[in-house]
Amino acid sequence: MARQPSRRRSGEGLTAGLLVGPATAIVLLSLVAPLALLARYSLNQYDRMTFMKEAFTAENYLRFVADPFYAGVLWTTLSIALVTTALCLVIGFPIAYGIARMQSRWKSTAVLLVILPLFIGSTVRALGWIGLLGRGGLVDSMSGLVVPGGGVTLLYTSFAVAIGILSINLPYMILTLQGVIESIDARLEEAADSLGATPGRRFWHVVLPLALPGLATGGILVFILAMNAYATPFLLGGARFQMMAPMLYREYAVNNNWPFAAAIAFILMLTTLSLTAASTLLLQRRYQGA
Amino acid sequence: MSTRPPYLKIEALSKHYGSMAAVDEVSLEVAAGEMVVLLGPSGCGKTTTLRLIAGFVEASAGRILLEGRDYAGLPPYQREMGMVFQSYALFPHMTVAQNISFGLRMRKMPAAQIASRLEEVLALVKLEKMADRYPKQLSGGQQQRVALARALAIRPKLLLLDEPLSNLDANLRQEVAREIRRLQRAAGLTALMVTHDQDEAMAMADRLVVMDRGRVQQVGPQEALYEAPENPFVARFIGHSNLLRGTLRDGCRLRLGEGVEAQLAQRYNLAGDATLALRPERIRLLPPGDPTPARMTLAVEDATYVGAHVEYLLALPGGGSLILHQPTTGLAGAARLAPGSRAGLSWDAGSERIFDASDRALAAAGPAPALASV
């Protein structure tokens, strides 16, 4: 006998409210309040003497849009984030698939190997890349051996930043995809097999469509991480290579321009949010009915 | 069997995982159009055998020949075997029509041909109205029919069924079993099915293969397995058998323990350890005053009326009970033997089966001398 949902006891609503209440309060205090404060700051004016003057102006936003330098930094940040996300998907999928379908006792070791890099902070790992890519580093001296006198310094290039972010984000992508692929019944692939699908067509018609929600989740996660990367672009990009998060910090802490820093923060957040929302909507439309 | 080469021939097929043999030298011949059921307890290797034939698992040794062609090393997508999975494994992101036509699309069949074949198969499984539904919008029975239709659509060389009924409600099973049989016969398909349920196996098979611990225990039609099991495992697994261990003397007296002896109906050329298999419904309970001499006398432990028969439990020496089914036909109102009373038992020559110490069935050497009336 199915119970009518309208006949639920009135006490249930109260209990649920009590359970959700504390968490809601914490979110309000720690997330919404600072954001509101930041939004307010972004409309203030910078002042040389007092640093910040109460105002209600859009000039901080207009400055960002009008100056091609800032638009260029946003564009660099976006392209680095998109490229590393795409690379994470392409490199991460086969690894995640391999681990998800592993049956041997080495599976947990493989998962551990993926998690292991997460134990080391991004700053320490960036230092590792400096040793590898910098002048006199491993790549430099190795190439110097092959072509005498012709060393290669990859540090402080977009390549160095991209590979640094990629190495940090890849484990998140692999772990997300592994979970999704494991939830796809292996029998579905066997069914496709027995019906005459070659491995390539099996992947295209069965595995990929079923893994798509997971690819979206992993993609969004990694994209957000890349958009907001701080230590990696700061250490591997050097002074001339600018991304949003380091620039935001410099405006805030070095130039003491809180209103402009707040505006940059909002522009970064809104760009990330709108792209994430757009990709989610796109996928949802594709998935209607299924 | 005819002199024609068999349609499917499996030769000494083995699959080892480390030192464990999941499938151990399984050999089998299947004629075209035949439905053969692999039956056994879980872990007996029946599913692995099916997966070896489908090509999902690579054999450690042995050969699979279909129409004389060796299938070793052939990937599953080139084997043209229609598989019906226990979980159905329907593609959740495709409609019924897309699921069924998947194999045809993979064969790059022209669209018009796909459409007509789809219509044909949908009619066959009576799912015309469901073509645009998604699997999760169907009942279990309907999903099962889609899975079957999907396998039939490609006109497979061999239909493989892995526990096809185990996810269905009990009252639906018989109906679906008949349906599978009808479709398989109508299409003239050769089929191999795996199940752990002997009723299901008995109802659907032309021939059965009983497996245990990776090995084939016996192959044959239902009646042969029931009437002439080749070892105690088959005797116990197909139907039920009481297995009585004892020492055979004079070829026809089996001593079961202190003071209990079974007088066999036939003579066997064996002395020493032996096992007697008796089916509960083939043992007669002699009513008091019956002049027939008893082959064995045991004490009644319990008697339960269960409808078609009365189930008696009789105490065996050294613990354990013998189960006996006394038909209730013409027995209405008759008194049952009370617990504790002694019961005389008898059975016919065709109902006893003797296995030697290495569990091989023995052929009778002739009738045993007549029993003296008591």
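Here the structure is shown first, and the text comes after it.
Residues numbered from 1 in each chain as written. Chains lettered and ligands numbered in written order. Predicted model: local features only at pLDDT ≥ 70, side-chain atom pairs only at ≥ 80, totals over all residues. Heavy atoms only, no water.

**Here we look at the overall build of chain A**
- A tally of regular secondary structure across chain A gives twelve helices and two strands.
- Reading chain A from its N end, one meets helices and strands in the order α-β-β-α-α-α-α-α-α-α-α-α-α-α.
- Compactness check: chain A gives a C-alpha radius of gyration of 24 Å against a globular reference of 19 Å for 290 residues, more than 25% above the reference.
- Oriented by its inertia axes, the alpha-carbon framework of chain A measures out at about 75 × 70 × 30 Å.
- Residue burial in chain A is summarised as follows: out of 290 residues, 37% are buried.
- When the accessible area of chain A is evaluated, it comes to approximately 16,600 Å², of which 70% is carbon and sulfur surface.
- Charge centroids of chain A, computed over 20 positive and 12 negative side chains, lie 5 Å from each other. (Helix = DSSP H or I, 4+ residues; strand = E, 2+ residues; numbered from the N terminus. Rg over C-alpha atoms; globule rule 2.2 N^0.38 Å. Buried < 20%, exposed > 50% of the residue type's maximum accessible area, 1.4 Å probe, protein only. Areas by Shrake-Rupley, 256 points an atom, 1.4 Å probe, with all protein chains shown as cover. Lys, Arg positive; Asp, Glu negative; His and termini not counted. Charge placed at Lys NZ, Arg CZ, Asp CG, Glu CD.)

**Remarks on the sheet that holds strand E6 (residues 81–84) of chain B**
All names here are of chain B.
- With mixed pairing, the six strands of this open sheet are ordered in space as E6-E7-E8-E3-E9-E10. The open sheet has two edge strands with one neighbour each: E6 and strand E10 (215–220). For this sheet, the mean inter-axis angle between neighbouring strands, taken without regard to orientation, is 20°.
- With five bridges joining them, strand E3 (residues 35–39) and strand E8 (residues 191–195) adopt parallel strand pairing. Its bridge partner lying in E8, leucine 38 is registered against valine 194. (Pairing = 2+ DSSP bridges. Axes fitted to C-alpha atoms, helices over the stretch in contact; angles between N-to-C directions.)

**Observations regarding the nonpolar core**
- Counting 64 residues, the largest nonpolar core has B:Leu8, B:Ile53, B:Phe91, B:Phe102, B:Leu158, B:Leu160 and B:Leu192 as its most contacted members.
- Tallying contributions element by element places helix H9 (residues 199–227) of chain A first for this core, with eight residues.
- Setting aside residues no more than four positions away along its own chain, B:Leu160 makes contact with B:Leu50, B:Ile53, B:Ala54, B:Met81, B:Gly82, B:Met83, B:Val84 and B:Leu192. (Core = buried A, V, L, I, M, F, W, Y, C linked by side-chain atoms within 4.5 Å. Contact = heavy atoms within 4.5 Å.)

**Some points on the packing of aromatic side chains**
- This model, assessed by the stated rule, comprises eleven aromatic pairs over all chains.
- For the pair A:Tyr230 and A:Phe234, a centre-to-centre distance of 5.7 Å together with 10° between the ring planes defines the contact as stacked.
- Accessibility expressed as a relative area gives 32% for A:Tyr230, which makes it partly exposed.
- With a relative accessible area of 47%, A:Phe234 lands in the partly exposed category.
- Geometrically, the ring pair formed by B:Phe91 and B:Phe102 is tilted, given 4.7 Å between the ring centres and 50° between the ring planes. Residue B:Phe91 is located in the loop between E6 and helix H2 (96–106), and its partner B:Phe102 is located in helix H2; the two are separated by eleven residues in the primary sequence. Each member of the pair, B:Phe91 as well as B:Phe102, carries the same accessibility label: buried.
- Every member of this aromatic cluster is reached through a ring pair, and the members are A:Phe64, A:Phe69, A:Tyr70 and A:Phe260.
- The ring of B:Tyr71 carries B:Arg69 above its face, with NZ or CZ at 5.4 Å from the centroid.
- Positioned over the ring face of B:Phe91 is B:Arg150, at 4.7 Å from the centre of the ring. (Phe/Tyr/Trp six-rings, centres within 6.5 Å; stacked < 30°, edge-to-face > 60°. Lys NZ or Arg CZ within 6 Å of the ring centre and 35° of its normal.)

**Some points on the interface of chain B and chain A**
- In this assembly, 24 residues from chain B lie in contact with 20 residues from chain A.
- Contact with chain A buries area across many residues of chain B, yet B:Tyr77, B:His93 and B:Met106 alone supply 31% of it, more than any other trio.
- Scanning the region where chain B abuts chain A turns up one salt bridge.
- One salt bridge in this structure joins A:Glu190 and B:Arg51, with 2.6 Å as the shortest N-O distance. (Buried area = accessible area lost by both parts, 1.4 Å probe. Salt bridge = Lys/Arg side-chain N within 4 Å of Asp/Glu carboxyl O.)

**Some points on the side chain of B:His325**
Residue and element names in this part refer to chain B.
- Within the secondary structure, histidine 325 is located in strand E19 (residues 321–327).
- Judged by its relative accessible area of 16%, histidine 325 is buried.
- Side-chain polar atoms of histidine 325 contact the side chain of glutamate 311, separated by 3.0 Å.
- If sequence neighbours within four positions are ignored, histidine 325 has contacts with Pro280, Glu281, Ile283, His309, Val310 and Glu311. (Polar contact = N/O pair within 3.5 Å; in protein donor to acceptor, adjacent residues only side chain to side chain.)

Nothing here speaks to function; it is all geometry.
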